Amino acid sequence: MTLPEIRQLKIFIALEETRSFTAAANKNFITQSAVSHSIKSLEKQLDCSLIERMGKRITLTPYGEVFLHHAKRVIVELETSLTKIETLKRWGYSSIRIGTSDTVCQYIMPKILKEFAKKHPKCEVTIELGDTPEMLNKLTRGRLDLAIGIHLAPSDNNFIFTPLTEDTLCFVTSPEHDWVSKQTNRGGSLKDVRLISYSAESETMRLITKHFNDNTIIFHHPLTLGNMEAIKEMAKQGLGVGIIPPWVAKQEFASGELVAHVISTPPPKRSWGVFSNSGKTFSLPEEDLITICRTEMGKAIHAGRQLEVMQ
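Bear in mind that the values here come from a model prediction, so they are computed numbers and not experimental data. (Residues numbered from 1 in each chain as written. Predicted model: local features only at pLDDT ≥ 70, side-chain atom pairs only at ≥ 80, totals over all residues. Heavy atoms only, no water.)

> Honestly, unusual backbone geometry in this entry has me stumped. Any pointers?
Note: most peptide bonds trans; most residues except glycine with negative phi. Look at the link from Thr265 to Pro266: it is a cis peptide, with omega at 0°. Tracing the backbone through its elements, the reader meets Pro266 in the loop between β13 (259–261) and β14 (269–277). Positive phi, normally seen in glycine, also occurs at Phe29, with a value near 60°. Mapped onto the secondary structure, Phe29 falls in the loop between α2 (21–27) and α3 (32–46). Owing to a relative accessible area of 78%, Phe29 belongs among the exposed residues under this scheme. Positive phi, close to 60°, is recorded for Asp47, a residue that is not glycine. Relative to the elements of secondary structure, Asp47 occurs in the loop between α3 and β1 (51–54). Its relative accessible area of 70% is what places Asp47 among the exposed residues. (Helix = DSSP H or I, 4+ residues; strand = E, 2+ residues; numbered from the N terminus. Buried < 20%, exposed > 50% of the residue type's maximum accessible area, 1.4 Å probe, protein only.)

Structure, rendered in structure tokens:
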């Protein structure tokens, strides 16, 4: 099969966006008949119908929907490569666009960027914050090169997951909480406990919910906040029991402001890694960045594992 030309992809995408042969022609500075000829040629190459005409209305066939998804990704990748090449030609610089969570950015990313800058001082790194599902959406649309996140859902063929490290979750309370002064037996129920957890749409919240359900633990839906600092502060004030990874509260544990408690044995575990689009080939700066992420995240999480956690 002969591969379609870039011009054909752009015309097809324009036709889908405008749903008009005339508008697609204007958008590509060609005639309406040229649009029609391009679509017919494309359908002949692919041996399938991409669009259906119902009077003046144009809709995509199932084949067209599939082709559109990949055509858009091809155009985005090409545009991104041209931008990067132009940057290199002008300044000798390269760039990486990373997506990650607020937690990783606050606690670990500064060290990662410091080490990365030593190896690639002319590589500009831009960071976008968000939970894993949001980052994967941006990755699909070509707005990111890499996304650092948690792998929980079944494997998606659209992405490659490169493992970095694993961490666990624990309960945290103020020192005045009943769990500290009394040998409270929580058993299989947390129904009388006000839990405070991370964002409702996050993979962390999905993991917690699955863990409680799998272990038949009765619980009320947690109060969810979008920031680990906010969860810690709520727990410090005795407003509930926080659910966090131990490595984000090293200072609070050391100062006695927070006390850690096990959730279960073994505790809920999160798998961290780097998501990239399927078929992507990592550049040298990207490979080095992934290696540094693995090292620095491993250090931070290992330090959290050393904390004494109360039963």
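> Would you explain the sheet that holds strand β11 (residues 223–225) in this entry?
Each strand in a sheet pairs with its neighbour through backbone hydrogen bonds, running either in the same direction (parallel) or in the opposite one (antiparallel). Read from one edge of the open sheet, five strands run β11-β9-β12-β7-β13, paired in mixed fashion. Both edges of this open sheet fall to β11 and β13, since each of them pairs with a single strand only. The mean angle between the axes of side-by-side strands here comes to 35°, regardless of whether they run parallel or antiparallel. In this structure, strand β9 (residues 195–198) lies alongside β11, joined through three bridges in parallel fashion. Residue pairing across strands places Tyr198 opposite Leu225, the latter belonging to β11. Packed on one face of the sheet, helix α9 (residues 203–214) meets β7 (170–173), β9, β11 and β12 (241–244) and runs near 135° to β9. (Pairing = 2+ DSSP bridges. Axes fitted to C-alpha atoms, helices over the stretch in contact; angles between N-to-C directions. Contact = heavy atoms within 4.5 Å.)

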